[in-house]
Amino acid sequence: MDFTHYKDAFIKEAHKTGYSLTNIQRCLDYAEALFLHEVPVIYNPSHLSSLVGYKKEYLKKASLFPNYFYRDFEVAKKNGTKRLISEPLPSLKEIQIWILRSILYKVPISPFAKAYKPKVTLMENLRFHKKQPKVFTLDLENFFPSIRMETVQNVFLKLGYSKIISKFLTRLCTRDGTLPQGSPTSPYLSNLIFKQADAEIASYCKDYKIRYTRYADDMSFSGDFDENELLQKVTETVEKMGLRINAKKTNLMTPNMRQTVTGIVVNQKPQVIFKKRNELRQALYYIQKFGFEEHREYKEIDQKNYLEHLLGKINFVLQINPKDAEFIKYKAVLFDLKHKKGIKTIDNEFFPI
């Protein structure tokens, strides 16, 4: 429905309910701004309730007392520390997915942001940095927890939503005043919030012929440049947003070194690092020689979905290099094992390694 048809239908219904001409015009002015951004018109919490299919009382409780609507757990990071994951309970997750698909996905993000975009793979981040004299990677420290509620609210305000609705939507997408790691809306919101910083950094890089991409909190630069000047520029830009560069993860790589971007080698062609590929080779060798259960028992692997886990890692290798004959063969071996065990196969599942 375009705005003209919406306007005619709204005026017709508004006259039936006794709206004054002033109120009708106020509502239409509000709706027109939202139509321009191609996002749903939401007048009040009751209207949002009808759109998402949950009672207004539930939405209010979820927005005012979010700690009761999340499940917390920890996952291990590569450096041995733990990352806190706050996963919304199913009902709140469904509401957040509605916000993501109906509102947030309608707003374009920076072309330099390569993560959390529908139908975009990791390869989109890697292909810019192959065969470069320098690869320079930076990491944003505590990315999601550093993004504050006020910044999230501005995303909705800029789309034309009222202060009441913008605050309400923000509360449904945040916890303890920040973006929760584990919420479906957090990744795309982070891209929208970082859009201006992406533009500033990309403008500087264009002037100095530097290639730039960002994959979530991982920033990658390649070309021939002064890395100290670049670091200063990026640091100044992100600090204006209340963010910081993680000094421990700043990495300069020259051609005589293994150059990696988001954990993938990019010197000549994108490839999962040798250590990870070799671990998979060894696992498949022992599985084929001694048997799957025998391998698990010998290695003391009690992971229930170990077969699917291996297949996911092999799918990840093939996502980076689809023509890798060796890993195509390994995938076929695991598919055959799944078939014999009667496990349902999902062909496109993968686990980053």
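Each remark here, short or long, concerns the structure printed above.
If you're wondering where the values come from, they're calculated on a predicted model, not measured in any experiment.

Asker: Tell me about the packing of aromatic side chains, and name the residues and values.
Answerer: In the structure shown here, the tally under the stated rule is 20 aromatic pairs. With centroids separated by 5.1 Å and ring planes inclined at 50°, the aromatic side chains of Tyr 6 and Phe 35 adopt a geometry described as tilted. Placement of Tyr 6 in helix H1 (residues 3-16) and of Phe 35 in helix H2 (residues 21-36) is noted, with a sequence separation of 29 residues between them. Residue Phe 35 is classed as partly exposed on the basis of its relative accessible area, which comes to 23%. For the pair Phe 10 and Tyr 43, a centre-to-centre distance of 5.9 Å together with 35° between the ring planes defines the contact as tilted. One end of the pair, Phe 10, is in helix H1; the other, Tyr 43, is in the loop between H2 and helix H3 (45-52), and 33 residues separate them in sequence. By way of ring pairs, the aromatic residues Phe 3, Tyr 6, Phe 10, Tyr 19, Tyr 30, Phe 35 and Tyr 43 are connected into one cluster. For the cation-ring pair, Lys 134 lies above Phe 225, with the distance from its terminal atom to the ring centre recorded as 5.7 Å.

Asker: Just give me the short version of the sheet that holds strand S6 (residues 251-253), but keep the residues and values in it.
Answerer: Strands in a sheet are paired, the pairing made by backbone hydrogen bonds, and the direction either parallel or antiparallel. Taking strand neighbours across the sheet as the criterion, the four strands line up as S4-S5-S3-S6 in an open arrangement whose pairing is antiparallel. One side of each edge strand has no neighbouring strand; the edge strands of this open sheet are strand S4 (211-215) and S6. Averaged over all neighbouring strand pairs, the angle between strand axes comes to 15°, with direction disregarded. Pairing between strand S3 (residues 134-139) and S6: three bridges, direction antiparallel. Looking at the pairing, Phe 136 lines up with Leu 252 of S6.

Asker: How would you sum up helix H9 (residues 186-193)? Please name residues and give values.
Answerer: Counting buried residues along H9, eight of its eight residues qualify, which places the element largely inside the surrounding structure. Where H9 is concerned, the buried positions are Ser 186, Pro 187, Tyr 188, Leu 189, Ser 190, Asn 191, Leu 192 and Ile 193. Buried residues belonging to H9 abut helix H5 (90-102), helix H7 (149-158), helix H8 (163-173), helix H10 (195-207) and S4.

Asker: I'd like a rundown of the nonpolar core, residues and numbers included.
Answerer: Ile 99, Ile 103, Leu 104, Tyr 161, Phe 194, Met 219 and Phe 221 are the most contacted members of the largest nonpolar core, which totals 67 residues. In terms of residues, this core owes the most to one element, H2, which gives six residues. Residue contacts for Met 219: discarding those within four places in its chain leaves Phe 136, Thr 137, Leu 138, Leu 140, Phe 194, Ile 201, Tyr 212, Thr 213, Arg 214, Val 234 and Ile 245.

Asker: How would you sum up the packing of helix H12 (residues 274-290) against helix H13 (residues 292-299)? Please name residues and give values.
Answerer: Where H12 meets H13, the axes come as close as 7 Å, and the angle between the chain directions of the two elements is 120°. In terms of their interaxial angle, H12 and H13 are classed as oblique. Considering how the two elements wind past one another, H12 and H13 form a crossing that is right-handed. Taking contact as the criterion, the partners of Ala 283, Tyr 286, Ile 287 and Phe 290 in H12 are, on H13, Phe 292, Glu 294 and His 295. Classifying every residue of the contact of H12 with H13 by side-chain character gives five nonpolar, one polar and one charged.

Asker: Lay out the pattern of salt bridges in plain terms, naming residues and giving numbers.
Answerer: Under the criterion given, the structure shown has 11 salt bridges. The partner of Lys 134 in a salt bridge is Glu 227, and the shortest N-O contact between them spans 2.9 Å. Note that Lys 134 is positioned in strand S3 and Glu 227 in helix H11 (residues 227-239), a separation of 93 residues in sequence. The partner of Glu 326 in a salt bridge is Arg 281, with the nearest N and O atoms 2.6 Å apart. With Glu 326 in helix H15 (residues 325-341) and Arg 281 in helix H12, this pair connects stretches of sequence that are 45 residues apart. Linked by salt bridges that have partners in common, Arg 71, Glu 87 and Lys 93 make up one network.

Definitions and limits used
- Residues numbered from 1 in each chain as written.
- Predicted model: local features only at pLDDT ≥ 70, side-chain atom pairs only at ≥ 80, totals over all residues.
- Heavy atoms only, no water.
- Phe/Tyr/Trp six-rings, centres within 6.5 Å; stacked < 30°, edge-to-face > 60°.
- Helix = DSSP H or I, 4+ residues; strand = E, 2+ residues; numbered from the N terminus.
- Buried < 20%, exposed > 50% of the residue type's maximum accessible area, 1.4 Å probe, protein only.
- Lys NZ or Arg CZ within 6 Å of the ring centre and 35° of its normal.
- Pairing = 2+ DSSP bridges.
- Axes fitted to C-alpha atoms, helices over the stretch in contact; angles between N-to-C directions.
- Contact = heavy atoms within 4.5 Å.
- Core = buried A, V, L, I, M, F, W, Y, C linked by side-chain atoms within 4.5 Å.
- Parallel < 35°, antiparallel > 145°, perpendicular 65-115°, else oblique.
- Left-handed = near helix turned anticlockwise from the far one by under 90°.
- Nonpolar A, V, L, I, M, F, W, Y, C, P; charged D, E, K, R; others polar.
- Salt bridge = Lys/Arg side-chain N within 4 Å of Asp/Glu carboxyl O.

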